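# Secondary and tertiary structure notes
Here are the chains, one letter per residue:
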Amino acid sequence: MLMRIWRGITPEEQADAYLEHLQQTALPVLAEQKGQRGAWVLRRMQGGQCEFQVLSLWDSLKDLRAYAGKQPERAVYYDEDDKYLLDME
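Below is a short write-up of the structure. Sequence order sets the numbering: in each chain, residues are counted from 1 along the sequence as written. Two thresholds apply to this predicted model, a pLDDT of at least 70 for residue-level local features and 80 or more for giving and counting side-chain atom pairs, whereas whole-chain, interface and lining totals are computed over all residues. Excluded from the side-chain calculation are hydrogens and water; included are all heavy atoms of the structure.

## Observations regarding the nonpolar core
The criterion is simple. A nonpolar core is a set of buried Ala, Val, Leu, Ile, Met, Phe, Trp, Tyr and Cys residues joined through side-chain atoms within 4.5 Å. Throughout this description, buried means an accessible area under 20% of the type-specific maximum (1.4 Å probe, protein chains only), exposed means over 50%, and partly exposed covers the range between. Grouped together as the largest cluster of nonpolar side chains are 16 residues, with contacts concentrated most on Trp6, Tyr18, Leu22, Phe52 and Tyr67. Helix and strand definitions follow DSSP, with helices as H or I runs of at least four residues and strands as E runs of at least two, each counted in order from the N terminus. For this core, the secondary structure elements donating two or more residues are α1 (15-24), α2 (26-32), β3 (49-58) and α3 (61-68).

Here is the structure:
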């Protein structure tokens, strides 16, 4: 089993809106993926910003690549992510 960890940072005042955005975009897509065994969102407020971490469990690298592409360590972004995130890898 593999764990994929993604990290993003928003301004503190956009944290709740971004969490809702994740719940409407990334999390439903993750839940539908073959070999995906769960996803969790962690968030931490610090210094006027909110750090998000999305942890997802996968049965295999093959399943993870079917979602994330040939370079599964790279971020997968969704429409309007740039509206919330301070930096995109």
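There is more to say after this.
## Details of the pattern of salt bridges
If the charged atoms of two oppositely charged side chains come close together, the side chains can form a pair. Only one rule defines a salt bridge in this text: a Lys or Arg side-chain nitrogen within 4 Å of an Asp or Glu carboxyl oxygen. Applying the stated criterion across every chain yields a total of five salt bridges. Of the charged contacts, one joins Glu51 and Arg7 as a salt bridge, the two residues approaching to 2.8 Å between their closest N and O atoms. Of this pair, Glu51 sits in strand β3 while Arg7 sits in strand β1 (residues 2-11), and the two are 44 residues apart along the sequence. In this structure, the salt-bridge partner of Arg37 is Asp59, at a minimum N-O distance of 2.6 Å. Residue Arg37 is located in strand β2 (residues 36-46), and its partner Asp59 is located in the loop between β3 and α3; the two are separated by 22 residues in the primary sequence. We classify Asp59 as partly exposed; its relative accessible area is 33%. Connected via shared salt-bridge partners are Arg7, Arg44 and Glu51.

## Some details on the packing of aromatic side chains
Aromatic contacts are taken between Phe, Tyr and Trp rings whose centres are within 6.5 Å, Trp giving its six-membered ring; a plane angle under 30 degrees counts as stacked, one over 60 as edge-to-face, and the others as tilted. Inspection of every chain in the model, using the stated rule, returns three aromatic pairs. With 5.1 Å between their ring centres and 75° between their planes, Tyr18 and Phe52 make a pair best called edge-to-face. Remark: Phe52 occurs in strand β3 and Tyr18 occurs in helix α1; sequence separation between them is 34 residues. What makes Phe52 buried here is its relative accessible area of 0%. Here the aromatic rings of Trp58 and Tyr67 are separated by 5.6 Å at their centres, their planes lie at 25°, and the arrangement is stacked. For the pair shown, Trp58 and Tyr67 are each scored as buried.

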